[in-house]
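Overview (structure and organization)
Spelled out, the chains give:
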Amino acid sequence: MKKILLSLLLIGSCVNFSCKKALLEEPAYTLNEQTLFTDAASAQLALNACYGYLASQGVYGQALIMVSEMGSGIGWMKKTGDELSSLNIIASGGGGFVAMLWNGLYQTIGQCNIFIAAADKSSLSNKTNLIAQAKFIRALCYYNLVFIYGGVPLKITPATPETTDVPRSTKQQVIDQIVADLVAAGADLNSTEPDSSVPSKIAANAMLAKVYFLLASSEGQGSSNWQLAKQYGTKVFTAWGGTVPLESSYAGLFDINNRTSKESIFKLNYSALGLNSAFNKGSWSFSPVNSTLKGINFDNKGSSRAFYSYFKKMHPGDPRLDATFFHISYTNVLTGALLTVYPTVTTYVQNAYPFYKKYYDPNQTGQISNKTLYVYRYADFLLLMADVENELGNTATAVNYVNIVLTRARNSVTPAASQPANVAASIAQADLRQVIFDERLFELSEEGHSFMEARRRGITWLKQITTRNNAQADAIAGFSTANNWTEYSLPVTDEGLTKAMLMPIPPAELNTNKAFHSTDQNPGY
């Protein structure tokens, strides 16, 4: 199999395992505990269903990006209805996108569990590789669950009526399962793949490095997990001969025609033929009004003014600003007129924010976009390893990794920009720690990582973000829809920040899972 391309309409026409592109979308092959695979084609089709659920509206197709970006502290969403229906870090009822993501992740896990059990019973010659792919997907789901909701129910076998109610596991138990799945996947995945929509050993090792990196970030400088992150990160470098590939242009990464980026570690390929829930809703969610000819777009989600302003202050003229945001102005494609936005517009009105641009698809139709979504890419990995090396005392190596990413950003335009300037070789360890924290937010904004990135070093570092946000002139305390376009006032107390570290367990889970208790809810909810 060369590539996973997400499209429902064509799945029925590509059931032969020798087909060059396995095609899927809204999963057309529903698994149950009685599923048995008698041939490679049926097994591949069933595995494609696991990828389809991962790419669906309930996970990467919309909910995960919405929760991660709008709930991060650096995003902004229009105030509508009441505080419980507006996704942000100060309040959430645990419904809406928070519940959609929870359900979408567990639906994906459930399909993976059934697939793994069925494939294991089969006599297929390639079953170890197929199972490894399913374990990688399951690990990715639990990775998102544990770093967004904390400890969650562990479900690793096909569900039965007797096993519907599963108690909440500890964070460490979930981490142990993620590691076990990724180690097992890494043993049986191919060393490389022609297209990174299929995970490889490199992807498994890179994910292991990221898991240990996030754990170490929360534990501080003396954590043993920094060394474990380096152990798996070194395997990634070794696979690439000591380096990793980056695209020459930052903006080019997000070009609608870039379907095979060398910078991708793992990605989801969407098709314009996608239907129902498994298509990329990123352009619909974030692109501003009248920015597409056939799409539906609204000016109600984007970057906070504070984050955009901080990014611009730290790196004025950084080419990543133009690639990341609709800012200053953009073209109304229906009339050709220029529409002004922040920072040209400074009053609190509908177009008063910089809007996200990475998911923008000029070919969007209705809510449907076929834009490739990067789950993990090498610039993310390089900045991760920079942090690892810095904490292990190898500051010179860390500076080199950071500067590779910054140099690519500068050279993304012709002539090259002067910003972001390289980090000085003489920088102190503590100062570099701050630089990397900021650069990961700048580089990866809108890509589905911001919730974890803003929180990975704990409430003291999250407070930097919320304090900067509250310095905005119209950051309104409490919740009021008197003006839907004002800034949120974010928590700065230990109590409020502790609550903001995790999203709530959805009430539906608390109310229907008999193994849950009211005390299982996350702090503050």
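Residues numbered from 1 in each chain as written. Predicted model: local features only at pLDDT ≥ 70, side-chain atom pairs only at ≥ 80, totals over all residues. Heavy atoms only, no water.

Things to note about the overall build of the protein
Note the following rule: Runs of E in the DSSP output that reach at least two residues are strands. Runs of H or I that reach at least four are helices, and both are numbered from the N terminus. When accessible area is computed with a 1.4 Å probe and restricted to protein chains, residues below 20% of their type maximum are described as buried, those above 50% as exposed, and intermediate ones as partly exposed. Accessible areas in this description were obtained via Shrake-Rupley with a 1.4 Å probe; residue shielding takes into account the shown protein chains only.
When helices and strands are tallied, the protein shows 18 helices and 14 strands. Within the protein, the proportion of its 525 residues that are buried is 60%. Split by element, the accessible area of the protein, about 19,000 Å² in all, is 54% carbon and sulfur.

As for the packing of helix α12 (residues 378–391) against helix α13 (residues 395–410)
The cut-off we apply is this: Here an axis means a line fitted to C-alpha atoms, over the contact stretch when the element is a helix, while the angle between two N-to-C directions is reported on a 0 to 180 degree scale. Angular relationships are summarised with four words: roughly parallel below 35 degrees, roughly antiparallel beyond 145, roughly perpendicular across 65 to 115, and oblique for the angles in between. The handedness criterion is simple: a crossing whose near helix is rotated anticlockwise from the far helix by less than a right angle is left-handed, and one whose near helix is rotated clockwise is right-handed. Any two residues having at least one pair of non-hydrogen atoms within 4.5 Å are treated as being in contact.
For the pair α12 and α13, the least separation of the axes is 7 Å and the interaxial angle reads 155°. Between α12 and α13, the angle falls in the class roughly antiparallel. Of the two elements, α12 crosses α13, and the hand of that crossing is left-handed. Residue-level inspection shows A379, L382, L383, M385, A386, E389 and N390 of α12 in contact with α13, the latter providing T395, T397, A398, Y401, V402, I404, V405 and R408.

So, helix α4 (residues 127–149)
Applied cut-off: Expected helix span is taken as 1.5 Å per residue step, with the number of steps being one fewer than the number of residues.
With 23 residues, α4 extends 32 Å from end C-alpha to end C-alpha; this agrees with the ideal 33 Å at 1.5 Å per step. With 20 of 23 residues buried, α4 is to be regarded as a mostly interior element. Immediately downstream of α4, the backbone of G150 shows phi near 90°, a positive value.

Some remarks on the pattern of salt bridges
The cut-off we apply is this: We count a salt bridge whenever a side-chain nitrogen from Lys or Arg sits within 4 Å of a carboxyl oxygen from Asp or Glu.
In this structure the tally under the stated criterion is 20 salt bridges. Between K230 and E389 there is a salt bridge, with its nearest N and O atoms 3.4 Å apart. Residue K230 is found in helix α7 (residues 225–239), and its partner E389 is found in helix α12; the two are separated by 159 residues along the sequence. Since its relative accessible area comes to 23%, K230 is described here as partly exposed. Overall, the relative accessible area of 5% leaves E389 in the buried class. Across the pair E443 and R320 runs a salt bridge, and its minimum N-O distance is 3.0 Å. Within this pair, whereas E443 is found in helix α14 (residues 429–444), its partner R320 is found in helix α11 (residues 319–324), the two being separated by 123 residues in sequence. Given the relative accessible area of 0%, R320 is considered buried.

Quick notes on the pairing of strand β12 (residues 373–377)
For clarity, the cut-off: In this analysis, strands are considered paired if DSSP registers two or more bridges between them.
Most of β12 sits inside the fold, with 5 of its 5 residues counted as buried. Inspection of the sheet shows strand β4 (residues 264–270) paired to β12 by 4 bridges, in the antiparallel sense. Each bridged residue has a counterpart across the sheet, and for F266 the counterpart in β12 is Y376.

Regarding the packing of aromatic side chains
Our working definition: We call Phe, Tyr and Trp rings a pair once their centres come within 6.5 Å, taking the six-membered ring for Trp, and we label the pair stacked below 30 degrees between planes, edge-to-face above 60, and tilted otherwise.
Tallied over the full model, the rule gives 29 aromatic pairs. Look at F311 and F442: their rings are 4.4 Å apart centre to centre, the planes differ by 10°, and that puts the pair in the stacked class. In this pair, F311 sits in helix α10 (residues 305–314) while F442 sits in helix α14, placing the two residues 131 residues apart along the sequence. With relative accessibility at 0%, the residue F311 sits in the buried group.

Here's the deal with the confidence of the model for the protein
For clarity, the threshold we go by: pLDDT gives the predictor's per-residue confidence on a scale running from 0 to 100.
The share of residues in the protein with pLDDT of 70 or more is 89%, and the mean pLDDT across the chain is 89. Below pLDDT 50 for its whole length, residues 6–29 participates in 78 contacts with residues either more than four positions away or in separate chains.

Topic: unusual backbone geometry
In this model, Y342 is joined to P343 through a cis peptide bond whose omega is 5°. For the bond from Q419 to P420, the omega torsion is 5°, close enough to zero to count as cis. Residue position: P420 is located in the loop between α13 and α14. With a phi close to 60°, N290 is a non-glycine residue in the positive phi region. With respect to the helices and strands, the residue N290 is situated in the loop between α9 (282–286) and β5 (294–295). The class of N290 is partly exposed, set by a relative accessible area of 27%. In this model, I328 sits at a positive phi of 70°, which is unusual for a non-glycine residue. Turning to its location among the elements, I328 is positioned in the loop between β7 (325–326) and β8 (329–331). Its relative accessible area of 40% is what places I328 among the partly exposed residues.

Focus: the environment of P507
Within the fold, P507 resides in helix α18 (residues 507–512). By relative accessible area, which is 33% here, P507 ends up partly exposed. Spatially, the C-alpha atoms of P507 and G93 are 7.8 Å apart, while their sequence positions differ by 414 residues. Leaving out residues up to four positions away in the same chain, P507 has contacts with G93 and G94.

Thoughts on α10
Buried within α10 are the following residues: R305, A306, F307, Y308, Y310 and F311. Buried residues along α10 sit in contact with β6 (301–303), α11, β7, α14, α16 (459–470) and β14 (487–488).

Some remarks on a nonpolar patch on the surface
The cut-off we apply is this: A patch consists of residues exposed above 30% relative accessible area that lack any salt bridge, with like charges linked at up to 9 Å and nonpolar side chains (Val, Leu, Ile, Met, Phe, Trp, Tyr) linked at up to 5 Å.
On the surface, L293, V333 and L334 cluster together into a nonpolar patch covering about 280 Å² of accessible area. When you line up the elements, L293 lands in the loop between α9 and β5.

Brief notes about the environment of D322
Note the cut-off: What qualifies as a polar contact is a pair of N or O atoms within 3.5 Å, subject to a donor-acceptor requirement within protein and to the restriction that residues adjacent in sequence count only when both atoms come from side chains.
In this structure, D322 sits in helix α11. For D322, a relative accessible area of 47% corresponds to the partly exposed category. Residues D322 and K357, 35 residues apart in the sequence, show an inter-C-alpha distance of 8.3 Å. Not counting the four nearest positions on each side in its chain, D322 is found in contact with H327 and K357. Engagement of the side chain of D322 in a polar contact is seen with the side chain of H327, the distance being 2.6 Å.

Here's the deal with the nonpolar core
Soluble, globular proteins show a tendency: their nonpolar side chains are buried together. Filter applied, for reference: Nine residue types can take part in a nonpolar core, namely buried Ala, Val, Leu, Ile, Met, Phe, Trp, Tyr and Cys, and a core is a set of them joined through side-chain atoms within 4.5 Å.
Counting 140 residues, the largest nonpolar core has Y60, Y149, I178 and F381 as its most contacted members. A per-element tally of this core places α4 first, with 16 residues. Setting aside its immediate chain neighbours within four residues, F381 contacts A206, A209, G233, V236, F237, V244, I265 and Y376. Of all hydrophobic cores here, the second largest spans 5 residues; its members include Y250, L253, F254 and Y374.

Looking at the packing of helix α3 (residues 96–121) against α4
Condition: Residues are grouped as follows: nonpolar covers Ala, Val, Leu, Ile, Met, Phe, Trp, Tyr, Cys and Pro; charged covers Asp, Glu, Lys and Arg; every other residue, Gly included, is treated as polar.
Between α3 and α4, the shortest axis-to-axis distance is 9 Å and the interhelical angle comes to 155°. As far as their axial angle goes, α4 and α3 are roughly antiparallel. As for how α3 packs across α4, the hand of that crossing is left-handed. Grouping the constituent residues of the contact of α3 with α4 by class yields 19 nonpolar, 3 polar and 4 charged.

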